[in-house]
Each structure stands twice: as C-alpha cells, then as structure tokens.
Amino acid sequence: MSSRALGRREFFKSSVVSGGWLLAIQLPLSTKTASRVPDDIKESSDWSIYLSIRPDNSVIMESPITEMGQFMRTTGPMMLADELDLDWEAIKFTQDAKLHLSRNKEGGLSYSHANMDTGGSHSVRWTWEYLRKAGAIARQMLIETAADVWGVPVSELKTKKSVIYHSTSQRSALYGDLALHASQRRIDTNTTRLKTKSEFKIIGNATHNIDLKRIVTGEPRFGIDMAYPNCLQAVIYRAPAVGAEIVSYNKTAALAIPGVKKIIEMERMDDSYWFSGNTQYIAAGIAVLADSLWAAIQGRNTLNPQWKNTSKYANQNSEEQIKTFHTLVTEDGPAKETQNFGDTKTAFNDADIILQQVYEKPLLAHALLEPLNCIADIRDTDATIITGHQFPIRIAEEVERFTGIDALNVEVICKPMGGGFGRRAERDWVREAVLLSKKIKAPVKVTWLREDEMERDLHDPASVSQIKASLKNGNITGWHHRQAQTGGGAQDSCFPQGVVPNFKVELCTFKSHIPSGAWRGPQHPAWAFAAESMIDELAHAAGIDPYQFRMDLMLPARTFPHTNWGATIKDSGRMAECYKQAANLANWSKARPKHTGLGIAGHFCHGSYAAFVVEVAVENGTLKINEAWGAIDCGLAINPNHIRAQMEGGFIDGLNAALFNKINVVAGAVQNNQFNTFYLGRMKDAPLDVHTTIIQNNHPPTGVGEPPTAPAAASLVNAIYAASGRRIRTLPVIESFNHEEEYV
Amino acid sequence: MTIKLRLNGKKISIDSRYENIPLLWYIREEAGLKGTKFGCGIGQCGACTLHIDEKAVRSCSVPVSSLNGKAITTIEGLARDNNSLHPVQEAWMEIDVPQCGYCQAGQIMSAVALLNTTPSPTDDDIDRGMTNICRCASYVRIRQATKKAADILNASSEKI
C-alpha cells in the first residue's frame, strides 16, 4: 500500500543497516515536550530514536537518556519497549548515548532525538510521551506490514514479546521476519494509539538495571575509565582561593618528572550562570600534561605554586557570611518580598501562640565519587568530547562558543556518570578541557583529583531562615519566613504555602562570591528543613501529635498553584496521603523504648510528594539511626524497583547531608577538601532499612530523583526531639553529638 | 630489579621504574584494568579496594615496590571464568544493588573479604567490615546483598 499524504512532521525515516532494520522515526511533538523546545525549533527538527531489529529477532537499542544512578538508562527503554511490545529479555543495550543535534534556520540548537537531559527529576516527564510514541509507531509499522502480507485487518493482529499473532488463522511472525519489509512502511502517525495503563506489560514491572553485569564485573564505563588515541593526560593545579591568580611555580621541577611533556597556564574565567549571577566560573591554574596520569599527578605535586588574590572575590568566608545571614534575617535586613498572601500582621496579633525560630544550613559539597574528567579532541573544523554530563547539549555549545567549531560537528560520547547531583550539569570542567586541547592542538584527557572536585565545587548555598508562625485553636494561621543565603532563591511556593492562609516570604539581599549551584533538589533541602522543623515545633507547642497536626494541616484536600520551577500545581490531599502511608508503615502509634523517638517530615517538589518517618535512639550523647519508612506519590510508577532504590538512596543521602555535610571556606579557599576532613556517611551511619510504599493513583508519572532527599533533615531533627527533648536547628547535626569517624 | 607478582592468577613482572607508583595507578593505567576506581587517593573512600593475598586493601595507598611475591585479585579476576560470577557478584545482581555503580567494585571486593573471615556476619559485623563510601547511599541494598551472598556461600559449602 502506498503512503498516505503526510505532513513534514509525520515523516519518518528508516533504513536497513547490516541486515537489520535501523529505525529512525520523526515524531510530531507532543505539547508537553513542545513546551520544552523553543518556538523556533518546533517546526523544523528531526526527532527520532534508534533501534535495530535483526532478522533473528534480536534487538540492539541505544538508551538515549544520560545516566547518573537515577536509572534512566533502564527506564527510558522500558517506555519504548512496552509500546513496541518487545521481548525485554532479548534486548541488548549499547554502552553509550551519542549526541545528535539539529539546528533550525535561526540557528537554535536542539536534540534531534529524545531529550537526553537529566535533572530536576524531569527525565521521565520530558520523554514519557516521546519514547512511548516512538515504540507505538514502530509497532504500527510492523502490524500494518503483517496485515498487508497476510491480507487481514490490522484490528485482528496482536503483538507480544517481539512476535505478531493472527489468532484466527493461527499465524505468527517474528518482528525480525518483517523488519526489513516494515522499514519501508509509511504510516499516518495521527492514527498511532498509545496503550492504556492496564495494557502495560513492561511499565510497572520491578525491572533490574540493564547494566548490572557490566557494573559487577568492573567493565570500564565511566568517563574516567576511557582512553583516547594519542591523548596526553592532564592534571590541573588550580588556585584554591576564589579569585586568585598565579604568581609563580616550579616549572622546571615538573618538567623533570619522567613522562611530563608540557606545562600550560590556564586563565581564570568569570561567567554569569543561572544560580549565582556573575562570579568566578573557572579558576586560574597550571596544567601538567604527561604521557601517563601518574606522571601528571607527580608533576602537579612538584609545582609548589604561589598565588596572589587582589580580586573583588578575595576573602570569602563562609562562617562570616552565615553570621551575616543571621543578622539579616533577625534584624530586618533589606529584603525582597517574594510571597505575600493574606495578612500575617493580623494573624500574629490574634494568635494564641507565636513561635519564632532560626534554622541554619551550611554550604553543601557534591563530593561526586567519580571526580570530574573530560577527554577533548579539538580539531580544525570538528571535535570529539568524551565525558559524563547531565545536559550533553551544553557540551556542544561550549565547543562552539570557545572554538568556533559548529556544534553540529561536535561528536559527544556520553558516558554514565559516577554521580551527578546537579554538579555535572555545569560547563566548567568541559570548558577547561576544550581550551586546553585547542591550545596544544592535540587531544587531552583532564582528570580532576579529589581536592580539585571539593575545592572547585559549586556548593549548595548556605542559608539561614527565620520563621515566625502563629497558632490559633491549634491551627497555623500565620507564617513569616525570612531567608538569607549564598546564592539562588527560596522554594517559597512549597508547603505550607497555600495551607497557611496568611503567608509571607522575604529573601534578604546579599552577594556572596562563594560559587553556588544546583545540589540534589536545589534549595528544597533548605526549605523543607526549616518548614518541617517549624511545623513540628508548632505541633508540640499546641500539644498535638506531629503526624495528626500535619494531617489537619493538609486536609481537606485542596490544590494550589505552584509558581516555582518543577510543577504548576500542588495538592495537599496527595501530600496528606504520603504522611498517612509513611506513618502507617512505621506503626507511628506504637510506643518506642526510652531514648528512642520517631520524626516525620514530608515535602513536595518537582511534581512528586514524599514523606518519611525515621526512628532514632539518642543515648549518652550518641545518635543512632535505626530505621526509616517512606511513602512516595510519583504518579504512575514505571519501575517500582528503582523507585524504591531512589527512596532508599535519596533519603539516606539527605540524612548524610544533614548529619555531616558542611563546607568551610576561609580566605576564599575550601578548607575541608578531602575525605579525611570531609566525612561522608558510611554503612554504619545509615538506617538498617528504608521501607517504602509507592502510592498508586491515576496521575501521570513524575520524578523520584530529588523528592526523597528534601524531607530527610527535618525528619531527623524531629526524631531527635522526640527521643531526647532536644531541638536542633543548626546543621550539620553531628556537631551536636559524639561520632566515631574511621580513618584508615 | 623487577617486582614479580601474580595479577588475577597470571604471573607478571613489573619494571623497577614503576616501584613508587601506587598500585591503583599501575592497575588502571598500565595494566588497563579499569574496574578498580579512583575516588580520593588517600585510602578513605575504598573505591580502589582490591585483594592482596586475599585481604581487602585500598590500592591507592600501596606502592608497587611492596608487592614482590604477592597475589593480587581485582574485580575483573573475581569470577572463576567468563561464564560464571562469584557468589557475591550474583547476590549483587539478585538484589540489584548499584545506582551509579562507581563504588560497587570496591564494595564487592570488601564484601568478599568480609565473608572470607566472617561467613555469617551480623549487622554490626557488616557495619565494621563494610566501610566503603557509597555516594548514592545504596547501603540498604549493600547490606541485603552481603547477607544474601553469605546465604549463597554457606549453602554451597554445606553441600561439600
């Protein structure tokens, strides 16, 4: 059958490669994905996804979304494979995701295929429609082909695990049998139907990580594991203090190390980026290039550089800034009003009880276990970059911006990341490698040491929040939140905004030059810590059980607008259900032994709701975290296994941050820049178990990367209060306890 | 003077010019075995854990010069052959432990060493024996998989 007339946006390409059907489908943009794409791109881009179905019915798939332990390498293909009715067990996945970009006539760049980005717990939301449609279109091509071949109506055909069935005539065909034929088929994608929830065969299953065997057998996977032909190894000794410049260094000593080939000075660079405005983005440094990484490290260790700092960024001091934040929030420092509902003044005048407290959270380190690294091969008119990145399009943009090479000529091989957490969304480490390769006109692999990663971090901002809140008849009537911090804003459209009628938020004015950036759930940990602590304090002041108090606050179910990034609506009923499920799972009312207490906290962010109960024991100045129970509402659960893993890992990450994570900056330099001065939570610090309930409903899927982390700090301090009567309002929590750290 | 040792069962000789190189860098950069990872370089995180004479060691802090006559096993050498996995690797797969996966080779090597000396570890034993950092905080599943591996190993040894 010949093709029906198709508009340009319904056209698809498919071709035959190595005897297999290489499927490339151009899809019409759904409104959801369309909203992510600038208007000038929408009309012109080629959208497609690559999938190879071989005659023997085996499948090779490229998993398109970048991976940082949030399991999108597995989740993405699940969505496509379900609609295509593939045999999941028979799919082989390639190792990497390659960058494919397109440009519209105005020059704007976008992904040619599925959106590869990961961040903001949005990867599923960005690709839910697209990847499913890709699978459904491929299925439609196959069954329409079979219908033609067999001379039967399409409606009589069923598909299951890569086989097409016609039950009436008892015929079947492998996808592989028909793939070549189907690859020529034109279809009208307006007739493509997506499955309903009850039809899913893969979505909803507790599926294992597709890379499990690679991981447990130690296959090279990460950027840091990669080699590149004729590539020098580079380690950069960067100025520890923000704003510092090179005065001198021992070039001769470095060059005397066997294997060291070149010493290149790297320029300090300011840039304006979304979090901090204009500030230092790249430090001045001395790059040691050698024929081996160890030689480069040794060369770096002989440099003994001297620095000077006469910049406006000199002398950043995190403790002084935090002290200033305290003064600003408590003494009416200049501030911008960011939320104002009702009349807090009257609410306070009419109150039975008023509480006013200050909550302090320090700078947080990312401490990615795989230090940053990048291979850059900048050639005359094209380039190759190999690294792990959360937003790979930015890599091509960097190359174009700093070398003039067309972004479309940049080959980017995206490796899974040994930790992302928002740090790998930045551009700096890629820019360094690009500039270095361009300078020496040769490929280079830049590897960061642990000290580099800690010192050149873009920290989660330190923040101090004062909350004044009023109770009348056991209800919260007024809430006035004043916040001062290193950078960024406040998550002031999160609860209790909406459920507290008189609600005001002010953000104090302060310019810090300590670089700050996105951490897991940017600014949500700070907000949730302060808000859920104060809610707890109000409950206790009112003499009401903290779980019941929260249920009374959130019910009856109401929806409110959410005006910050990540969601447009928040639903207090869904939040209440999370509290309820977590409390039930924890057996909230069961009496605990002496010195043991439960704390509850919840948070809404990035479209999902999560609440946790944690049990701690406080004895003889020692804190023990026993167990935790959590509930998440992320709409449709695509992979309950990995949602559970995110709840476990995300919550413990939040606990560890609340317990231990504090970066000290003195004279612009990070003081605790190694794992013997910056403690990361171990097995012994974690709860024995984190039990999870995944709430079932009919909402579309929302993310799970960040929602479990934000409520952790408050759940912990609330539990400590319950266990010991002691209220902690300053993080990290460990400063209030004895703790045994193990140094090997 | 060359340094003679066994690496994953194979006899190798390392030229004396490498004597000061930390074992981690020799393994990764010279021997090309990338499973053992770099995390800190000062023996704190455990990403570089491998076995020297069946004991778990943080290879970033061991110079090659100290290894004459030793037997080294890395994650790549843990399984008997290409078609089978070590019971600890099997347990890791059954429980689906890894998130980003960067620390997991070191975790597995630590678990193997722990189970060699403590075949039925309690939670306290696991706390003390598994001190590797997991930044993704997959500790709940590492604990479960360590216990599962103990079950697998104990079941197979009972059969003998």
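Residues numbered from 1 in each chain as written. Chains lettered and ligands numbered in written order. Predicted model: local features only at pLDDT ≥ 70, side-chain atom pairs only at ≥ 80, totals over all residues. Heavy atoms only, no water.

(A) Region of interest: the overall build of chain A. A count of helices and strands for chain A gives 18 helices and 35 strands. Taken over the C-alpha atoms alone, chain A extends approximately 80 × 70 × 50 Å along its principal axes. Across the 744 residues of chain A, 66% fall into the buried class. Relative to all contacts within chain A whose residues are 6 or more apart in sequence, the contacts with residues 24 or more apart total 76%. (Helix = DSSP H or I, 4+ residues; strand = E, 2+ residues; numbered from the N terminus. Buried < 20%, exposed > 50% of the residue type's maximum accessible area, 1.4 Å probe, protein only. Contact = heavy atoms within 4.5 Å.)

(B) Structural view of the overall build of chain B. From N to C terminus, chain B includes 5 helices and 5 strands. N-terminal to C-terminal, the α/β element order of chain B is β-β-α-β-β-β-α-α-α-α. In terms of overall dimensions, chain B is globule-like: its C-alpha atoms have a radius of gyration of 16 Å, near the 15 Å expected for 160 residues. Within chain B, buried positions represent 57% of all 160 residues. When the accessible surface of chain B is summed, it comes to about 6400 Å², and 47% of that surface belongs to carbon and sulfur atoms. (Rg over C-alpha atoms; globule rule 2.2 N^0.38 Å. Areas by Shrake-Rupley, 256 points an atom, 1.4 Å probe, with all protein chains shown as cover.)

(C) Seen up close, helix 8 (residues 293–302) of chain A. Residues and elements named next belong to chain A. Within helix 8, 7 of the 10 residues are buried, which leaves it mostly tucked inside the rest of the structure. Along helix 8, the residues classified as buried are Leu293, Trp294, Ala295, Ala296, Ile297, Gly299 and Arg300. Downstream of helix 8 by one or two residues, asparagine 304 has phi in the positive range, about 45 degrees.

(D) Summary view of the pairing of strand 10 (residues 163–166) of chain A. Residue and element names in this part refer to chain A. Bridge count for strand 9 (residues 157–160) against strand 10 is 4 bridges, and the pairing is antiparallel. Paired with lysine 160 across the bridge in strand 10 is valine 163. Between strand 9 and the antiparallel strand that follows it, strand 10, lie 2 residues; lysine 161 among them carries a positive phi value of about 45 degrees. Here 4 bridges tie strand 10 to strand 11 (residues 171–174), and the two strands are oriented antiparallel to one another. Directly across from isoleucine 164, in strand 11, lies its bridge partner alanine 173. Count of turn residues in the strand 10/strand 11 antiparallel hairpin: 4 residues, of which glutamine 170 carries a positive phi of about 55 degrees. (Pairing = 2+ DSSP bridges.)

(E) Local environment of the sheet that holds strand 35 (residues 689–694) of chain A. All names here are of chain A. Taken together, the 4 strands give an open sheet; going across it, the order is 30-31-32-35, and neighbouring strands pair in mixed fashion. Edge strands, defined here as strands with exactly one partner in the open sheet, are strand 30 (596–605) and strand 35. Sheet twist, expressed as the mean angle between neighbouring strand axes with direction ignored, is 20 degrees. The strands touched by helix 16 (residues 572–586) are strand 30, strand 31 (608–619), strand 32 (622–633) and strand 35; relative to strand 31, the strand with the most contacts, the crossing angle is about 35 degrees. (Axes fitted to C-alpha atoms, helices over the stretch in contact; angles between N-to-C directions.)

(F) Here's a closer look at the packing of aromatic side chains. Residue and element names in this part refer to chain A. Inspection of the entire model under this criterion finds 14 aromatic pairs over all chains. Ring geometry for tryptophan 88 versus phenylalanine 93: centroids 5.5 Å apart, planes at 55 degrees, classification tilted. Assigned by exposure class, tryptophan 88 and phenylalanine 93 land together as buried. These aromatic residues form a ring-pair network of at least three members: Phe495, Phe604 and Tyr609. The positively charged end of arginine 238 is found above the aromatic ring belonging to tryptophan 448, 3.9 Å away from the centroid. Lying over the aromatic face of tyrosine 721, arginine 727 brings its terminal NZ or CZ to 4.9 Å of the ring centre. (Phe/Tyr/Trp six-rings, centres within 6.5 Å; stacked < 30°, edge-to-face > 60°. Lys NZ or Arg CZ within 6 Å of the ring centre and 35° of its normal.)

(G) Geometry of the sheet that holds strand 2 (residues 10–14) of chain B. Residues and elements named next belong to chain B. Taken together, the 5 strands give an open sheet; going across it, the order is 2-1-5-3-4, and neighbouring strands pair in mixed fashion. One side of each edge strand has no neighbouring strand; the edge strands of this open sheet are strand 2 and strand 4 (55–58). When strand polarity is set aside, the average angle formed by the axes of neighbouring strands in this sheet is 40 degrees. Pairing between strand 3 (residues 49–52) and strand 4: 4 bridges, direction antiparallel.

(H) Main features of the interface of chain B and chain A. Of the residues lining the interface, 50 residues belong to chain B; the matching set on chain A comes to 62 residues. Where chain B touches chain A, the interface holds 4 salt bridges. Arginine 28 of chain B is the salt-bridge partner of aspartate 225 of chain A, the closest N and O atoms lying 2.7 Å from each other. Where chain B packs against chain A, one counts 22 residue pairs in polar contact (both at pLDDT 80 or more). When residues of the side of chain B that touches chain A are traced back to their parent elements, those giving at least two are helix 1 (23–30), helix 2 (87–95), helix 3 (104–117), helix 4 (123–129) and helix 5 (139–159) of chain B. In terms of residue count, helix 5 of chain B provides more of the side of chain B that touches chain A than any other element does, 6 residues in total. Across the side of chain B that touches chain A, the residue classes break down as 24 nonpolar, 12 polar and 14 charged. (Salt bridge = Lys/Arg side-chain N within 4 Å of Asp/Glu carboxyl O. Polar contact = N/O pair within 3.5 Å; in protein donor to acceptor, adjacent residues only side chain to side chain. Nonpolar A, V, L, I, M, F, W, Y, C, P; charged D, E, K, R; others polar.)

(I) Region of the structure containing the side chain of threonine 692 of chain A. Following the sequence through the fold, threonine 692 of chain A ends up in strand 35. Excluding its chain neighbours within four sequence positions, the residues that come into contact with threonine 692 of chain A are Leu585, Gly630, Arg644 and Met647 of chain A.

(J) Here's a closer look at the state of the cysteines. Within the structure shown, the criterion is met by 0 disulfides over all chains. Cysteine cysteine 231 of chain A is unpaired, with the sulfur of cysteine 374 of chain A as its nearest cysteine sulfur at 9.8 Å. (Disulfide = S-S within 2.5 Å.)

(K) Summary view of the nonpolar core. One finds Ile385, Trp479, Phe675, Leu716 and Val733 of chain A together with Trp92 of chain B to be the most contacted residues of the largest nonpolar core, which totals 220 residues. Grouped together as the second largest cluster of nonpolar side chains are 41 residues, Ile91, Tyr130, Ala179 and Ile638 of chain A included. (Core = buried A, V, L, I, M, F, W, Y, C linked by side-chain atoms within 4.5 Å.)

(L) Molecular detail of helix 3 of chain B. Residue and element names in this part refer to chain B. Its 14 residues place the ends of helix 3 20 Å apart at the C-alpha level, agreeing with the 20 Å of an ideal helix rising 1.5 Å per residue. Counting buried residues along helix 3, 12 of its 14 residues qualify, which places the element largely inside the surrounding structure. All of the buried residues in helix 3 are Gln104, Ala105, Gly106, Gln107, Ile108, Met109, Ser110, Ala111, Val112, Ala113, Leu114 and Leu115. (Expected span 1.5 Å × (residues − 1).)

(M) Fine view of the environment of tyrosine 18 of chain B. Residue and element names in this part refer to chain B. Counting through the fold element by element, tyrosine 18 comes out in the loop between strand 2 and helix 1. For tyrosine 18, a relative accessible area of 18% gives the class buried. Along the primary structure tyrosine 18 and valine 64 are separated by 46 residues, whereas in three dimensions their C-alpha atoms are 6.8 Å apart. With residues up to four places along the chain from it excluded, the contact list for tyrosine 18 reads Tyr26, Glu30 and Val64. Only 3.1 Å separates the side chain of tyrosine 18 from the side chain of arginine 17, close enough to count as a polar contact.

(N) Quick look at the confidence of the model for chain B. Per-residue pLDDT for chain B has a mean of 95; in total, 98% of the residues score no lower than 70. Our summary of model confidence lists the complex with pTM equal to 0.94 and ipTM equal to 0.98. (pLDDT = per-residue confidence, 0-100.)

(O) How the structure looks around unusual backbone geometry. All names here are of chain A. The omega torsion across phenylalanine 495 and proline 496 is 10 degrees, close enough to zero to call that bond cis. Position of proline 496 among the secondary structure elements: in the loop between strand 26 (475–485) and strand 27 (502–508). The step from leucine 555 to proline 556 runs through a cis peptide bond, and the omega angle for that step is 0 degrees. The residue proline 556 is located in the loop between helix 15 (546–554) and strand 28 (559–561) in this model. The backbone of serine 162 sits at a positive phi, close to 65 degrees, despite the residue not being glycine. Its place among the elements puts serine 162 in the loop between strand 9 and strand 10. On the accessibility criterion, serine 162 (2% relative accessible area) is buried. The backbone of histidine 595 sits at a positive phi, close to 70 degrees, despite the residue not being glycine. Here histidine 595 is to be found in the loop between helix 16 and strand 30.

(P) Focus on the pattern of salt bridges. Residue and element names in this part refer to chain A. Here the structure, examined in full by the defined rule, presents 54 salt bridges over all chains. Arginine 73 serves as the salt-bridge partner of aspartate 211, at 2.6 Å between the closest nitrogen and oxygen. Taken as a pair, aspartate 211 in the loop between helix 5 (175–182) and helix 6 (212–216) and arginine 73 in helix 3 (residues 72–84) lie far apart in primary sequence, 138 residues in all. Arginine 73 shares its class with aspartate 211; the two are buried. Between aspartate 211 and arginine 214 there is a salt bridge whose closest N-O contact spans 3.0 Å. In terms of burial, aspartate 211 and arginine 214 fall into one category: buried.

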